Amino acid sequence: MNIYDVVIIGAGPAGLAASIYASRYKLSNLVIGKQLGGELSLAHKVENYPGFISITGLELCEKFKEQVEGLGAEVLLKEVGRIEKVKSEKLKVKSHSSKFKVFVGEDEVYEAKALIIATGSERKRLDIPGEKEYMGKGVSYCYTCDAPFFKNKTVALIGGADSAVSGAVHTAEYAKKVYIIYRKDRLRAEPIWVEEWKKIEEQKKGETIYNTNIAEIAGDGTKVSGVKLDKQYKGSDFLEVDGVFIEIGGVPGTSLIKSLGVKLDETGHVIVDEEMKTNIFGLFCAGDMVNKSAKFKQATLAVSQGALAAASVYKYLKQESAPSQRGV
Ligand code: NDP
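The following refers to the structure shown. All figures in this text were calculated on a predicted structure; none of them were measured in a lab. (Residues numbered from 1 in each chain as written. Predicted model: local features only at pLDDT ≥ 70, side-chain atom pairs only at ≥ 80, totals over all residues. Heavy atoms only, no water.)

### Looking at the packing of aromatic side chains
Then, number 1: For the structure on display, the rule yields seven aromatic pairs.
Then, number 2: Pairing Tyr 49 with Phe 52 gives two aromatic rings, centres 6.3 Å apart and planes at 40 degrees, and the pair type is tilted.
Then, number 3: For the ring pair Phe 281 and Tyr 316, a centre distance of 5.6 Å and an interplane angle of 85 degrees mean the geometry is edge-to-face. With Phe 281 in the loop between strand E16 (250-252) and strand E17 (283-285) and Tyr 316 in helix H6 (residues 299-318), this pair connects stretches of sequence that are 35 residues apart.
Then, number 4: When its relative accessible area of 22% is taken as the criterion, Phe 281 is described as partly exposed.
Then, number 5: Three or more aromatic residues link up through ring pairs in this structure, and these residues are Tyr 49, Phe 52 and Phe 64.
Then, number 6: Arg 82 extends its terminal NZ or CZ atom over the ring of Phe 103, reaching a point 3.8 Å from the ring centre. (Phe/Tyr/Trp six-rings, centres within 6.5 Å; stacked < 30°, edge-to-face > 60°. Helix = DSSP H or I, 4+ residues; strand = E, 2+ residues; numbered from the N terminus. Buried < 20%, exposed > 50% of the residue type's maximum accessible area, 1.4 Å probe, protein only. Lys NZ or Arg CZ within 6 Å of the ring centre and 35° of its normal.)

This is the structure in structure tokens:
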């Protein structure tokens, strides 16, 4: 069986940048991810990635992939089922034997001397009545994918940060009326998105309902008909909408590595040190899932962390005798 120097799990900006750097360090590497580009692929417009004035998230990710493959690495778009750490007593650590087994499906197994995990974050849910029932019937977690289905309809976006506000701006290109329902009294998206949204509000095409949560998503059993608000807006606690986009952020995607005993902080992000090392020997993490991204989840940061993780793997694998990595 082929043993890679490093297997990278996650095909978003962090994982793909890690591969680019790993290839340039001449480390054999394989990228496995269930979706090319991860969350970035869903951005309808990226205008803050240096070198590109304006590009869609998917186009940018395709360019990353092209660069990865051009350097000789493979990107496998599949879901990893589980990871196994080969117990240290079975290893001859002096020669850096395989330390991890990555299982994809029933019988695909990849071995690696080191792992870089860059599995980003998973969309947060509201956990309110009607949310699950109407998923795909008007409830969506991806405005980029689903906004075109709401041509001339009325929709609500839940949240008050970048995804909700940029999503509302994008959705207004299709829908006849867009609401943002936000639990606080001031949107906290990048000023440029807030300015764009204000223009839509001035055209009476958009409205923001502040200091409000939604308590329930209602419908006729086949599609959404509205949302129940936790307080009255313009004399009613029911807002008629055809669609609800839940854009309330994500939780770090750590489910694959929790069983390995990786240390997490109180917000669920993986604790890494300055070199993107975790507390597990040979396991590195980068991107939205790590504590260093907790307050700034941006592709530019993910890319730099992926690059750094690859450099750290290179250093780690260069250590000939039993390495002294301590982790954090
Ligand atoms: P964030 O975590 O940044 O924001 C989540 C938003 O949802 C906040 O306004 C939060 O409220 C609200 N929220 C969270 N939980 C609930 C809940 N249970 N009920 C109601 N509201 C809730 O997530 P985003 O998806 O907006 O952004 C994720 C990352 O992606 C960020 O780092 C962002 O900068 C980046 N991004 C950047 C874009 C860009 O154009 N640069 C576009 C999209 C995303 P509160 O404010 O009260 O915490």
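### Considering helix H4 (residues 162-171)
Then, number 1: Among the ten residues of H4, eight are classified as buried, and the element is accordingly described as predominantly covered.
Then, number 2: Listed in full, the buried residues belonging to H4 are Ala 164, Val 165, Ser 166, Gly 167, Ala 168, Val 169, His 170 and Thr 171.
Then, number 3: Looking at the buried positions of H4, the neighbouring elements they touch are helix H3 (143-146), strand E9 (154-158), strand E10 (177-181), helix H5 (191-202) and strand E15 (243-246). (Contact = heavy atoms within 4.5 Å.)

### Quick look at the pairing of strand E5 (residues 100-104)
Then, number 1: With respect to burial, E5 is a largely interior element, four of its five residues being buried.
Then, number 2: When E5 meets strand E6 (residues 108-117), the two strands line up antiparallel, connected through five bridges. Paired with Phe 100 across the strands is Ala 112, a residue of E6. (Pairing = 2+ DSSP bridges.)

### What about the state of the cysteines?
In protein structure, a disulfide is the covalent linkage between the sulfur atoms of two cysteines.
Then, number 1: One pass over the structure, following the stated rule, counts one disulfide.
Then, number 2: Disulfide pairing places Cys 142 opposite Cys 145 at an S-S distance of 1.9 Å. Taking the torsion about the S-S bond as the criterion, the Cys 142 to Cys 145 disulfide, at about 75 degrees, is right-handed.
Then, number 3: On the basis of relative accessible area, Cys 145 is assigned to the partly exposed category, the value being 40%.
Then, number 4: Between Cys 285, a cysteine without a disulfide, and Cys 61, which holds the nearest cysteine sulfur, the sulfur-to-sulfur distance is 20 Å. (Disulfide = S-S within 2.5 Å.)

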